[in-house]
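Spelled out, the chains give:
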Amino acid sequence: MSTLDFTLSAGPVATTARTLAALGAPITYHYDPEFLEAFRRTQEKVAQVFRTENDIILMQGEAILGLEGATRSLVRPGMHVLNLVQGVFGKGTGFWLADFGAVVHEIEVPYNEAVDPEQVEAYLDAHPEIELLTVVASETPSGTVSDLSRIGPIAQARGVLTLVDIVSALAGMELLADEWGLDVCVAGAQKCLGGPPGVSLVSVSEAAWKAISANPNAPTASYLSLTDWKEKWLGQGVFPYTPSISDIHGLEACLDQALEEGVDNVIARHRDSALVTRAGVRAMGLSLWSADEISGFCVTSIALPDSIDHTELRSYVRDRYGVMLSSGQGAGNLIRIAHMGPTATGLFPIVGLSALGRALLDLGVSVDVGAGIESALDVLSKQRN
Ligand SMILES: *Cc1c(COP(=O)(O)O)cnc(C)c1O
């Protein structure tokens, strides 16, 4: 097996030296005043990147913890919930909702399409009993995005709360939590921020807190509890449990880097890398998995011919060329070159295209690797102009 030279997978991703150094900072007591300061600063920086003035909660577990905690906190038995499904994570949310007792309504489209906001509007108008809408901003396994700039306000205008998975959207696409009326947003650090996997970043609006406190099923005295964080940490300055000192320092370092660069510039960097990759994929003679208008910037998803299996291709590229890509993760027979955090820049997409193109040739798929690289470099060169 080749050594691992490049991680171009869809998270966790490579971190910068500065983030690694922060992760290696001394471990202190969690009530040490310096750590308390760092924790509060980190919350504020998360709010800035989310573009929200809502409460921020940092839970000690990968984003699935925040997503499950938020879903359990909001869902009352018998509550009508509209779940938008255009990929693997949206589908999974629906199983949770049903488990937690919701009456689940779903708008589902094939995993290379996006739910039409007009359909959401019509559905909510026809079903005024719906109190909560759940949606994934960026469906990482398929590489598509939801139009939250329209879906958020549609829900808000009807008094419907929104619970949004922004795990791979944060810093990878425009996201204006308050302007778009997003009540609860959940992210992780290990995608476009290029941070450690292990922290859930959650924002909660006033309206969502009201719904949570009125919900007898909202977890309390539990690792999954948002309420504990509100009452203990936000209310009394007492942690419900010990946060990972290292992860918080790592997260703060990522946020500092994003804020120093400017969140809009970080997003532009992700977009540029996606555009370079798309051009290369097309010129190589391959097909993109979804249309450009609904594709996100954090990953480029490439449809594979039936003769090639996505997980075998992923292993082949890693073994032979030392580049870690991502496979379809349940979304379909596709391979993904990710552009996340420190790899969303410059020649990283070219590395991904080269490894993928040559691997496909090795495996008997006729692709024009040279034309792909040329086209990708043309786009990159113009971006740098
Ligand atoms: C990465 C990711 C998560 C976190 O889930 P994992 O299975 O732990 O990776 C949740 N939602 C989305 C959209 C993600 O990209």
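Residues numbered from 1 in each chain as written. Predicted model: local features only at pLDDT ≥ 70, side-chain atom pairs only at ≥ 80, totals over all residues. Heavy atoms only, no water.

Draft legend 1. Structural detail: the site of the ligand. In the region of the ligand, the neighbouring residues are E62, I64, L67, F89, V136, S138, T140, D165, V167, S168 and K191. In this structure, an oxygen atom belonging to the ligand sits 2.8 Å away from a side-chain N or O atom of E62. Separating a nitrogen atom of the ligand from a side-chain N or O atom of D165 is a distance of 2.6 Å. Protein chains bury 82% of the 380 Å² of accessible surface belonging to the ligand in isolation. Residues belonging to the shell around the ligand are distributed by class as follows: five nonpolar, three polar and three charged. (Near = heavy atom within 4 Å. Polar contact = N/O pair within 3.5 Å; in protein donor to acceptor, adjacent residues only side chain to side chain. Areas by Shrake-Rupley, 256 points an atom, 1.4 Å probe, with all protein chains shown as cover. Nonpolar A, V, L, I, M, F, W, Y, C, P; charged D, E, K, R; others polar.)

Draft legend 2. Highlighting the pattern of salt bridges. In total, this model carries 15 salt bridges according to the counting rule given. The residue R358 makes a salt bridge to D362 at a minimum N-O spacing of 2.8 Å. With a gap of four residues between them, R358 and D362 both fall in helix 12 (residues 348-362), about one helical turn apart. For R358, a relative accessible area of 44% corresponds to the partly exposed category. (Salt bridge = Lys/Arg side-chain N within 4 Å of Asp/Glu carboxyl O. Helix = DSSP H or I, 4+ residues; strand = E, 2+ residues; numbered from the N terminus. Buried < 20%, exposed > 50% of the residue type's maximum accessible area, 1.4 Å probe, protein only.)

Draft legend 3. Up close: the side chain of S146. Inspection of the secondary structure assignment puts S146 in the loop between strand 7 (144-145) and helix 6 (148-157). On the accessibility criterion, S146 (7% relative accessible area) is buried. Discounting residues that sit within four places of it in the chain, S146 has contacts with Q86, V135, V136, A137, I151 and M173. (Contact = heavy atoms within 4.5 Å.)

Draft legend 4. How the structure looks around the sheet that holds strand 3 (residues 80-85). Taking strand neighbours across the sheet as the criterion, the seven strands line up as 2-10-9-8-5-3-4 in an open arrangement whose pairing is mixed. Every other strand in the sheet has two partners, leaving strand 2 (55-59) and strand 4 (103-108) as the edge strands with one partner each. Here the average twist between neighbouring strands, direction ignored, is 20 degrees. The pairing of strand 5 (residues 130-136) with strand 8 (residues 161-165) spans five bridges and is classified as parallel. Counterpart to L133 in the pairing with strand 8 is T162. (Pairing = 2+ DSSP bridges. Axes fitted to C-alpha atoms, helices over the stretch in contact; angles between N-to-C directions.)

Draft legend 5. Looking closely at the environment of F39. For F39, the location among the structural elements is in helix 2 (residues 33-50). Residues F39 and P243 lie 204 residues apart in sequence; the distance between their C-alpha atoms is 9.2 Å. Filtering out sequence-adjacent residues up to four positions away, F39 remains in contact with L58, W229, W233, F239, P243 and I248.

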